[in-house]
Amino acid sequence: MRTCKLHNEDLKRDKVKVRRGLPPGPPEGYFAAEASLFPHANSWILGGCVIDDEIDPEDDREDVYFCPQCRFAENTWFAGRKAEFFWISN
């Protein structure tokens with residue numbers, strides 16, 4: 001079983017959206033917060049600049065493992081911060 005070393009919780013499986021295209025820059029401090037507060041949130045996957053017109057964006061999903069406490073911490077961190085919709089939508 002995979003475990004979040006920060007929260008000592010078993011990771012769960014989920015299917016998350018693949019976000020394609022060039023994302024806007026993240027909010028200030030995001031990468032430091034991700035590393036220390038929610039390293040296993042895995043709320044979505046960056047898919048790069050490959051756009052395939054044959055793939056329905058709603059069906060463009062991949063399996064990930066995530067920590068529920070990391071996801072909660074990520075949502076809490078974003079609460080009240082100004083961020084591009086790209087970073088906060090699931």
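Residues numbered from 1 in each chain as written. Predicted model: local features only at pLDDT ≥ 70, side-chain atom pairs only at ≥ 80, totals over all residues. Heavy atoms only, no water.

Focus on the overall build of the protein chain
Next, step 1: When helices and strands are counted, the protein chain shows 3 helices and 5 strands.
Next, step 2: Helices and strands in the protein chain line up, N terminus first, as β-β-β-α-β-β-α-α.
Next, step 3: With the C-alpha coordinates of the protein chain rotated into their principal frame, the extents come out at 40 × 35 × 15 Å.
Next, step 4: Burial statistics for the protein chain: of 90 residues in total, 30% are counted as buried.
Next, step 5: The contacts of the protein chain with a sequence gap of at least 6 include a subset with a gap of at least 24, amounting to 86%.
Next, step 6: Summed over its atoms, the accessible surface of the protein chain is roughly 6,200 Å², and 52% of this surface lies on carbon and sulfur atoms. (Helix = DSSP H or I, 4+ residues; strand = E, 2+ residues; numbered from the N terminus. Buried < 20%, exposed > 50% of the residue type's maximum accessible area, 1.4 Å probe, protein only. Contact = heavy atoms within 4.5 Å. Areas by Shrake-Rupley, 256 points an atom, 1.4 Å probe, with all protein chains shown as cover.)

Focus: the environment of Phe78
Next, step 1: By the element assignment, Phe78 lies in helix H2 (residues 68–78).
Next, step 2: For Phe78, a relative accessible area of 8% gives the class buried.
Next, step 3: As a C-alpha pair, Phe78 and Phe66 span 12 residues in sequence and 17 Å in three-dimensional space.

Section: the pattern of salt bridges
Next, step 1: According to the stated counting rule, one finds 4 salt bridges in the structure shown.
Next, step 2: Its salt-bridge partner being Asp14, residue Arg71 comes within 2.8 Å of it at the nearest N-O pair. Placement of the pair is Arg71 in helix H2 and Asp14 in strand S3 (residues 12–20), with a sequence separation of 57 residues.
Next, step 3: Its relative accessible area of 16% is what places Arg71 among the buried residues. (Salt bridge = Lys/Arg side-chain N within 4 Å of Asp/Glu carboxyl O.)

Quick look at the side chain of Glu74
Next, step 1: Among the structural elements, Glu74 can be located in helix H2.
Next, step 2: Although Glu74 is buried, it makes no salt bridge; Arg71 carries the closest opposite charge, 5.6 Å away.
Next, step 3: Polar contacts involving the side chain of Glu74 include one to the side chain of Tyr30, which spans 3.5 Å. (Lys, Arg positive; Asp, Glu negative; His and termini not counted. Polar contact = N/O pair within 3.5 Å; in protein donor to acceptor, adjacent residues only side chain to side chain.)

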